[in-house]
Amino acid sequence: MNQLTPDLSVKLGPLELQNPVMTSSGTFGYGLEFDELVDLNLLGAIVVKGISLKPMTGNPPPRIVETPCGMLNAIGLANVGLEAFLKEKLPKLRKFRTKVIVNIYGHHIDEYAELASALKGVDGVAALEVNVSCPNVEQGGMAFGVDPDASARVTEQVRKSTDKPVIVKLSPNVTDIRIIAKAVESAGAHAVSLINTLTGMAIDIETRKPKLANIRGGLSGPAIKPVALHMVYQVANAVDIPVVGIGGIVDYRDALEFFIAGARAVEIGTANFVNPRATLDILEGITEYCQQKGIHHITDIMATLGSNLHI
Ligand SMILES: Cc1cc2nc3c(=O)[nH]c(=O)nc-3n(C[C@H](O)[C@H](O)[C@H](O)COP(=O)(O)O)c2cc1C
């Protein structure tokens, strides 16, 4: 008997992906680091580590600590900077079929716009993912992503400065994430991705000091999955643009939960540290699930929970 070959392709607005399994920014380097372990050509997309205009060394160590079912990180967005990314990383990434999405961040709205302009028309960059969980220097360091107006202004400026599809990555550290999602949708985002990490801390009771030099960090991993899933469900029912689900996805069952809740694609983060092949295992699991259930197109199960439930 012929085995069903499910169609896993999805669209995030103008961005077409061969399948909905992507890597999440900061957990998969620039993709190249995983080349020997993972056939990068099989991924839906690679989202690279957040890029800033200038190179950043990030926060002092310790900047990672393990927590029950997750981890806290305070890397501080260390990265090679735009110039080195374009010269050293992107030419190597172009050799792969997989779409490359560049995650960008700034401390001023102008920095986001400058990054978007610099990447305009650049071959091998399929889309931009805009990290708005970054301190807004003009507003006393409050993250852009907790303020609907600031999130909308960043989105608007990036849209004006680029010809690429724009995905805005939302912070969960807000009262109602739907308000931010609607604001960036109105400002022209082609899609939203969520969630970024949840702010947290840990204390060493022997030294009575915070375990992270930065005191606070971002919580990620399985511990945050139920929170992420609920937010994805809420946002998917609040906006008309596609939603990318992120947060604690470690296996194909987790990914399927996000699809059923309304996600059009998923990003795999912390799981890559435990199992570098997590993305491919998840892809395989999704394919087998579709085969077993007779699902011809992965989109057939997406958002099947509907919007009538009380949220
Ligand atoms: C070590 C580390 C570094 C990260 N760096 C970035 C980053 O540069 N830009 C960004 O938008 N998100 C960054 N994130 C957030 C992840 O992309 C993801 O949104 C979050 O970890 C939740 O997914 P997970 O539970 O699957 O890890 C980082 C996360 C971790 C753990």
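Residues numbered from 1 in each chain as written. Predicted model: local features only at pLDDT ≥ 70, side-chain atom pairs only at ≥ 80, totals over all residues. Heavy atoms only, no water.

1. Describing helix α2 (residues 109-118)
Okay, so step 1: Of all the positions in α2, only Ile109, Tyr112, Ala113, Leu115 and Ala116 are classed as buried. When α2 is viewed along its axis, its buried side chains cluster within an angular range of 160° and face the same direction. (Buried < 20%, exposed > 50% of the residue type's maximum accessible area, 1.4 Å probe, protein only. Helix = DSSP H or I, 4+ residues; strand = E, 2+ residues; numbered from the N terminus. Arc of directions from axis to C-beta.)

2. Some words on the environment of Asp147
Okay, so step 1: Along the polypeptide, Asp147 turns up in the loop between β10 (142-143) and α3 (148-161).
Okay, so step 2: Given a relative accessible area of 14%, Asp147 falls into the buried group.
Okay, so step 3: For the pair Asp147 and Val132, spaced 15 residues apart in the sequence, the C-alpha separation amounts to 9.6 Å.
Okay, so step 4: Sequence-distant contacts of Asp147, defined by excluding residues within four places in its chain, comprise Gln139, Met142 and Ile180.
Okay, so step 5: For Asp147, the side chain forms a polar contact with the main-chain nitrogen of Asp149, separated by 3.0 Å. (Contact = heavy atoms within 4.5 Å. Polar contact = N/O pair within 3.5 Å; in protein donor to acceptor, adjacent residues only side chain to side chain.)

3. Topic: the sheet that holds strand β16 (residues 216-220)
Okay, so step 1: The four strands lie next to each other as β5-β6-β16-β13, forming an open sheet whose pairing is antiparallel. On the outer flanks of this sheet lie β5 (64-67) and β13 (198-201), each paired with one strand and no other. For this sheet the average axis-to-axis angle between neighbouring strands, irrespective of direction, equals 40°.
Okay, so step 2: In the sheet, β13 pairs with β16 via four bridges, with the strands oriented antiparallel. Residue pairing in the sheet places Thr199 in a bridge with Gly218 of β16. (Pairing = 2+ DSSP bridges. Axes fitted to C-alpha atoms, helices over the stretch in contact; angles between N-to-C directions.)

4. Details of the pattern of salt bridges
Okay, so step 1: Inspection of every chain in the model, using the stated rule, returns six salt bridges.
Okay, so step 2: A salt bridge links Asp251 to Arg253, with the nearest nitrogen and oxygen atoms 3.1 Å apart.
Okay, so step 3: Because the salt bridges share partners, they merge into one network encompassing Lys225, Asp254 and Glu257. (Salt bridge = Lys/Arg side-chain N within 4 Å of Asp/Glu carboxyl O.)

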